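Each chain is listed here by its residues.
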Amino acid sequence: MNLSTRYLGLELSHPFMPGASPLVDNLDEVKRLEDAGASAIVMHSLFEEQIEREAMFEERHMDVHEHSFAEATTYRPNPSDFVLEPDQYLEYLRRIKETVSIPVIGSLNGTHTGGWIRYADLIQQAGADALEINVYFLPAAAVEDANHDVESRTLDIVKAVRDEVSIPTAVKLSPFFSSLPRFARELDGLGIDGLVLFNRFYQPDIDIERLEIVPRLELSTSAELLLRIRWLAALYGQINASLAVTGGVHTREDAIKAIMAGAGAVQVVSALLRNGSGYLRMLIDGTREWLEENEYDSLQQMQGSMSLKNCPNPEAFERVNYLKTLQVWRA
Amino acid sequence: MIDGNEAAASVAYRLSEVIAIYPITPSTPMAELSDEWSARGKPNLWGNLPEVVEMQSEGGAAGALHGALQGGALATTFTASQGLLLMIPNMYKIAGELTPFCMHVTARSLATHALSIFGDHSDVMACRQTGFALLASASVQEAQDLACIAHTATLESRVPFLHFFDGFRTSHEIAKVELLADEVLREMVDDSGVEAHRRRALSPDHPVIRGTAQNPDTYFQAREAVNGYYRDLPDRVQAVMDRFAGLTGRQYRLFEYHGPADAERVIVCMASAAETAVETSSWLNAQGEKTGVVKVHLYRPFSARHLLEALPDSVRAVAVLDRTKEPGSGGEPLYLDVVAALRESGVERFRAERLKMIGGRYGLGSKDFTPAMTKAVFDELKKDEPQNGFTVGITDDVTGTSLPFDRGFSVDRPEVRRAVFFGLGSDGTVGANKNSIKIIGEHTDNHAQAYFVYDSKKAGAITISHLRFGPEPIREPYQIDNAQFVACHQFDFLDKYDVLGYAATGATLLLNVPGDADRVWERLSPAIRGQIVEKGLKLYAIDAYRIAREQNMGARINTIMQVCFFALSDILPPDEAIARIKESIEKTYGRKGRAVVERNFAVVDAARAALHAVPVPDSPLGDEIERVAVPEEAPEFVKRLTSVLLAGKGDLLPVSAFPVDGTWPTGTAKWEKRNLAPAIPVWDADICIQCNKCVMVCPHAAIRAKFYEPALAENAPETFKATEFRSRDFPGMNYTLQVAPEDCTGCELCVHVCPAKDKAEPKHKAINMAPQAPLRDAERENYRFFLELPSPDRAALKQDVKHIQFLEPLFEYSGACAGCGETPYVKLLTQLFGDRLMIANATGCSSIYGGNLPTTPYTVNGNGRGPAWANSLFEDNAEFGLGLRLAVDKMADIAQRSLRALAPRLGDSLVEEILSAPQSDEALIAAQRKRVDALRQKLKTLPDGKEARTLAFLADYLVRKSVWSVGGDGWAYDIGYGGLDHVLASGRDLNILVLDTEVYSNTGGQCSKSTPLSASAKFSSKGKDLPKKDLGLIALTYGSVYVASVAMGAKDAQTTRAFLEAESFPGPSLILAYSHCIAHGITMHRGMDEQKLAVDSGSWKLYRFDPRRIAQDQLPLQLDSPAPRIPLSDYLTQQLRFRTLEQSDPERFRELRRKAGESVKAGRSLFETLAGFPFKSGNGNGGTEK
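Each value, and the rule that gives it
Residues numbered from 1 in each chain as written. Chains lettered and ligands numbered in written order. Predicted model: local features only at pLDDT ≥ 70, side-chain atom pairs only at ≥ 80, totals over all residues. Helix = DSSP H or I, 4+ residues; strand = E, 2+ residues; numbered from the N terminus. Buried ≥ 20, exposed ≤ 12 C-beta atoms within 10 Å, placed from the backbone. Pairing = 2+ DSSP bridges. Contact = placed C-beta atoms within 7 Å. Axes fitted to C-alpha atoms, helices over the stretch in contact; angles between N-to-C directions. Expected span 1.5 Å × (residues − 1). Bend = angle between axes of the 7 residues up to and from the residue.

A. How the structure looks around the environment of Ile474(B). Residue and element names in this part refer to chain B. Here Ile474 is to be found in the loop between strand S19 (462-470) and strand S20 (483-488). Among the residues examined, Ile474 registers 25 C-beta atoms within 10 Å and is labelled buried. Through-space distance from the C-alpha of Ile474 to that of Tyr708 is 64 Å; in sequence the pair is 234 residues apart.

B. Quick look at unusual backbone geometry. Following Thr25(B), the chain continues to Pro26(B) via a peptide bond in cis, the omega torsion being 0 degrees. Secondary-structure assignment places Pro26(B) in the loop between strand S2 (18-21) and helix H2 (28-39). With omega at 15 degrees, the peptide bond leading from Leu853(B) into Pro854(B) counts as cis. Phi is positive for Leu211(A), close to 55 degrees, though the residue is something other than glycine. Positionally, Leu211(A) belongs in the loop between strand S10 (205-207) and strand S11 (212-214). With 15 C-beta atoms packed within 10 Å, Leu211(A) lands in the partly exposed category.

C. Quick peek at the sheet that holds strand S23 (residues 612-614) of chain B. Residues and elements named next belong to chain B. Here we have 9 strands laid out as an open sheet, ordered S1-S8-S18-S19-S17-S20-S21-S22-S23, and mixed in their pairing. On the outer flanks of this sheet lie strand S1 (2-3) and S23, each paired with one strand and no other. Note: strand S17 (residues 417-424) against S20, 4 bridges, orientation parallel. What sits directly across from Phe422, in S20, is Cys488. Together, strand S8 (174-175), S17, strand S18 (447-453) and S19 form the strand contacts of helix H15 (residues 429-443), whose direction differs from that of S19 by roughly 5 degrees.

D. Region of interest: the environment of Val171(A). Residues and elements named next belong to chain A. Within the secondary structure layout, Val171 lies in strand S8 (residues 169-173). Considered as a pair, Val171 and Arg32 are 139 residues apart in the sequence and their alpha carbons are 27 Å apart. Those residues in contact with Val171, other than ones at most four positions away along the chain, are Ile133, Val135, Val158, Leu187, Ile192, Leu195 and Val196.

E. How the structure looks around the environment of Asn782(B). All names here are of chain B. With respect to the element layout, Asn782 can be found in helix H26 (residues 776-788). Look at Asn782 and you get buried, because 22 C-beta atoms sit within 10 Å. The spatial distance from the C-alpha of Asn782 to the C-alpha of Pro717 is 6.1 Å, given a sequence separation of 65 residues. Here Asn782 is in contact with Pro717, Thr719, Phe720 and Gln738, once residues within four sequence places are set aside.

F. A look at helix H4 (residues 81-96) of chain B. Residue and element names in this part refer to chain B. Taking 1.5 Å per residue, 16 residues should reach 22 Å; H4 reaches 22 Å between its end C-alpha atoms and fits that length. Its maximal kink placed at Ile88, H4 deviates by approximately 50 degrees, while the proline Pro89 follows within four residues. Restricting attention to buried positions, one finds in H4 the residues Ser81, Gln82, Gly83, Leu84, Leu85, Leu86, Met87, Asn90, Met91, Ile94 and Ala95. Where H4 is buried, its residues contact helix H3 (58-70), strand S4 (75-79), strand S5 (102-107) and helix H5 (122-125). Downstream of H4 by a residue or two, Leu98 has a phi angle that is positive, lying close to 50 degrees.

That's the geometry; what it means functionally is another story.
Structure representation (C-alpha cells):
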C-alpha cells in the first residue's frame, strides 16, 4: 500500500511524524522515533522569549554583581563556555541531522517581529529541511491597536520569516481567528508552504489555596480532533499550502479522519508521550491495514475525500447541523 | 592590555605541567586563568595540557607541588599572604632538595591586628629564610618578563624561585605591555634543564631516597652542601636577564640603578614603589637635584657585590624603603641587608662617616605610595642627621616616626591624560572603563593604565576607576588625585564623597543626573557649586538612567557613560570612538545574543544626543546646609574616627586616632545610612497575618516587628502604622511592622516570602515595594520611634518563628549582598543568643560583612550586651572557637570555685541555686541573670578580699555563654576540616554554624568539596562530577555530636528548632545551613524559593540528629524533609550554575544529572535507614540538659 504524501514540498513515505514537543529532546529518542518509522522530525520550538530573556538574564542578574568587590570581580566560570539556549538549539538541530536520514523541521515560536527572527536563517543554516513558525499569543488587553491586530501582526512575522529563509515554511495556528479561511488565504499569499492546525492552547490553572496562577499542560484527547477536522475540511483545496493536523490524533481512526478531512501530515505528541515512540509504528501499520482492508489504492486517494469540497453532505459542517446536534443532545 | 596577574600567569602556565591552586586574594585570578586555559585545552610550551588541581588549602597545594616536583613534573602555583605562610614548611623542603620550581605571589599584608586583603611585602618577607630565591617585579610588564626569567633561572640553577609583585597595585593594574611570544619562551628555556629535572625524579626504575632523618654527624655539613648553588645564583640570574635582553630588548639587572652618575642621594626599594621613586627622582633632577634610585629585583640571594656595583660613586646618603613591618627589630629586612652589604664591603665611601644610611616603612596594606612621599624621603636625606626607622605616608603623632610630606606635590606629566570615574559596582562602570582602556590601548598609539578601587561593602558597592593614557609608557603606580576628567555616575556620591577633590583645575566634570539634566546646577549643593566655580570645571550632564530604562537595560548605564567619556575626552575622533565602542559591544555581548547587542547599540546612539553642556555661573549660589557623615547622636568614637573613614578621608587620620590592638567598638553600621534601595517594602496592616516571616528572612535586619501597649504609640509620628496584635498570649496589644528605610537594600526577599495576599487582588500583599525617595523622611521618623518602643520580655515569648522574630537582632545593616542567603541565619543567631554570644568567625564572606571596616554590623542591646566577635584565620576557626570555649569554661570554673569558697558568707542557698541552676532556655537564663545580680549585691556587702574581688570580676561567667564557630563551606569542608573534625570529636560545648553556599563565595565562586554534583563553578567549569561531601553524615557517625541540616526558605520552624537544640546540647553541635548566593546565578529575590526547591527536590535534606534522644530510648535522627516531591531538574534548571553545563555540554549535563539523581536517591535512602537506627552502640553522649 502506498502511504506516501507531500507535505511542505517534501516527499514523505507516509504522513506520520512526532509534533513539536519535548519528545525529540534527546538523540536516543530521536533515533527511536526514526526506527518507529517517523517520516520526519519536528523539533520543539525555540521561543522568542527564550532568545531574548536568556540573554538578558545574565545581563540583569549576573553582570550586576561583577566588578564591585576587590576580592572577586566575577562569580561564575568564564562565560565563553556558556552557550545560550538558542545556540544550543542550533547545535542540537545539527546533531539530529547527523543522526537521522529523515527530514528535520525546525520550529520557531514568537509574537513580534524583531531580532529573534534571524534565528530562522540560523535554523536553516543548521540544516533544517523546513521550518514551522508557531505564532501563538494571547491578546489579553481588551483593545488591541487597530494597526497591530492579531492577524496583521501574525502576517508581519510570517512575512519577515519568509524573507529570511528559502526552505519550506509552515505556519502553526491557534483556532482563534475571526475568519480562518480568509486569514489562511492571506498567509497562503505570502508563499507559505503549509498550515499546521492547531496549536494546543496553553491554559494555565489557578491554585485556589495559594492564589497563584500555575502552569499546566494536559495531554490531548481524541475529542480535540473534531475542531481540527472541521477546519481541515474547510481549508482543503482552498489554498495552495499543504495541511497538517496536530492535536487529538490518538488512534488510527483519528488519523484516517484527519487525512480524509485533508491533512497531508499527521503530527502526534500526546499519544506518543502516553504510549512510547513505538506507538508511531502501530499507527502507521494500522492505517496501512485499514486502507488495505477497505481496498483503497493509496493514501492519496483518501486525502481530502471528506473535505467540505468532496464530502457528500457538506451542510453537516454548517449551522444547520449545529442546530440539529443541539436538539439531539437536548432530547 | 592585561593586568599583572594575567601577565605572570600567561608565562607560568606555558612553562608548567602541574598547577596546584587554592583561591586567595589577590592571586586568585592567576589560578582562575590557568584553570580556564586548561579547561579550554590550551597547551603549554611543550604541547601538553597543564593539569590544574584545586587543593583544600595552600598547605595542601604546597604538599601536592612538592610531590609533583619529586615526581619530575614542572610545577607552579599562585598565592599570597596567609596562603604563602601555609606553604612555608614545604618551601623549606623544596629548596632544601634543590628543586627547580617557580611560584608567583601577589604580595599582600598578613593578618595581625586586622586582616587586610591589600598589598605589602609582609608575606614575602616571611619567606626570605626558606632558601627560595626572591625576585621582585615593579610593573605589569615586569610581572610577565621576570616570570619568564624566574622560570628559566630555576631550571638552570636548581634553586626554587618566589616571583612576586605588589598585590592589587600591580596584580590588578591593567597596562599596555609587550607580550612574550612562545618563541621567546622557547629560546629562553633550555630543555636540558627540564631533562635534568626529570632525571632527578623519584622513580622505581632508578630508585633513590629523599627526606631522610639525619643525625648530628651529618645534618650540618649536608645543609652547607648547597652553598655553591646560592653563591653562583646571582650571576646565573644576571646571565638569564642578559639573554632575555638579547631577545626582547628589555634589559633587567639584579639591582637596577636609575639616575645620573653624580647622584648624591639614593633610595633603595623594590616592586611598584620603585617606579614612583624613579619618576620622582627624574623630576627632582630636572629641578637641579642629584638623586637616584636602586630598584631591587633579586632580593634573595642578596648579592652585595651587585648592589655595590649599582650604586654611583657619588652617593652620600641612602634611604632604604621597606613595605613591611618587623616590630622589635633593628630595622626592616631590606634596610638591614643593604646596611650589612655596604658597611661590610670594606669600601671607604660606604663607611659610616662618609655615607648616611636610613631605613623606613611605607605603603603597608596598599597605602598609596606617591611622588610626594618619595620627595619627603629624598628631602630627609638632605639633613645632617636624617631620621632612621621612619614611616612615610601617615602621620605618626604617637612615636613620631613619620616624615612630613606635601600632599599637593605632584610630578604629573602634562602629556599624560588622567581620568577618574565614580560608579556603583552594579552600574557597570568598571567594566566600561576596562573596555575604554582597551580601546585606547589597542586602537591608538597611546600607552594606557587602569586601576580600580573597590568598596568593602558588597551591596551598593562604590567603585572608583583611575585611568591614565599618554604617548610614553605609564610609570605611575599610584592613584590619581588631579584628573583632567572626572565622571560621577551616581549623583548622590557628590555629597557623600569628595568627588571633586580628584579634579584638576579646569577639568571636565561629567555627571549622571536622574531627571532634568539641564537643570542640574540648581540641584547641586553650595559646597559642590563652590568647588566647581573655584576650580573652573567644565560641567556636562546626562540622564543615563532614562536612556537605560527606555532600552530596558535596568541600571546598566555603563555604555552610555562610556560614550560620554569618549565624546568629551577627545582621544579618538567621535565617529571612530563610536565605531570602536560598537565593535567592543559586539565582542562583549555578541555571545549573549542579538537582543543585548541591539539594546547597547541603541543606547550608544541615544547617549550622544542626551549629553548636555551645563553653563557654570561666575559665582556659586544658594545657602543649603552641608550634610554631615553621621548623625549628631552618634558616639564620640564614631564621630571622631568612623565618620572620617566614611567620608573617604581615612588616610588623613593620625596614628593616635586608632586603637593599638585591633579592638574596635561594635554597633557602628547603624551610623552609616546608605540609602541603597530604590524601592522599599510598605506594610498593609489590613492584609498582614503577623507571621513575621518577612522579619526572619531580611538579610539586613531592615524590617522588624514589635508588639506593645497601645498607649505607648500615642505620640507616634503621623504616618506610623499599627494594628491590633493577633495573639491570645498578649491580648490588647498593638502590632507594628516597620521598615528601616535608609538601611534596606531593596532586595525584595521579604515581599517574596510574604504569604498574605489581598483576597480581591492577590498581587497586592501585606508588604509591597514602593519608591523609597518619597517615603524616606517619614519612614526615618517612624523607624526612629519604632526603635524606642520597648522590646518584649525574652523569657515570655514562645519559641516559634513568629515570636522569636520579636527578639531584637544584634546583627544589623551588614555590608552583605542585597538578598544574601547567609545573613538571615547570622541574624537569627544573634536574636536567639546575642546577649551571651561569642563568635569565632572564619575568614570569608561572613568575616567581611561581619568585620570589614569602616562600619560593622554586630551590635548591643539596651543593657549593653551583645555578640563578641573575632576572626582568627581561615583555616583554624573551629580550633579558635574551641579555645574561646575553653577559656569561658575556665573563667566559669574559677567563678564557681570562688562562689563555693564564699558560700558560707554569701548564703548557701543562693550559691547552691547558682551552681545547680539549669540554663537551657531563655526563662532559665533570665532567672540565672537575676541570681547573679543578687550575688553582686551581696558581694558588695562583704569585706574586700581576693576571693570576693575575683568573683565580682567573673560573676557574669556564671551565666552560660554561647560559643559559636561560624564560617562558610570553604572553611568547614576544605581548609578547616581537619580542625573542625577534631573539635567535633572533642566533646566540648562548641556550636558550629556552616553557612553553606556550596562555593567559595568571597573570592568569587570557586568549587569547594561542598559544591554539588553537576554544578559548574570556578575550578570546575565543566560541572563537578563527584558528589558533594556529606559533612553532616560524617559528623553524625560520632553519635555524640548534635547535627542539623537546615534551609530557612524551606522550613523556618525547623531552622529555629535546630538552632535552639544545638545551643542547648551540652557537647559539640554542627548546623549546615543552605545559603543561596549570587554565585549560584539566580534572581536573588527568589533566594528563599530556591531553598525550598532544593529541599523539595531532595537536593538538600532537612534533618536533626540529637544524641540526647539516644539516652531517652528515642531514635536520634529525625528526617524533617519528606521524600522528594518535585523532579530534581525543577531545581537545577532555576540556577545558572547548573544550567551552564546543560547549555555548554548537554550530554555531560544529562549524565551528571542522572548521577545527581541517583546520588539524591541513595542519600535519601541512607538517611531513611539511619533514621531507624538507634545508635546505641555509638559513643552516645546521653548528655543532660545544661
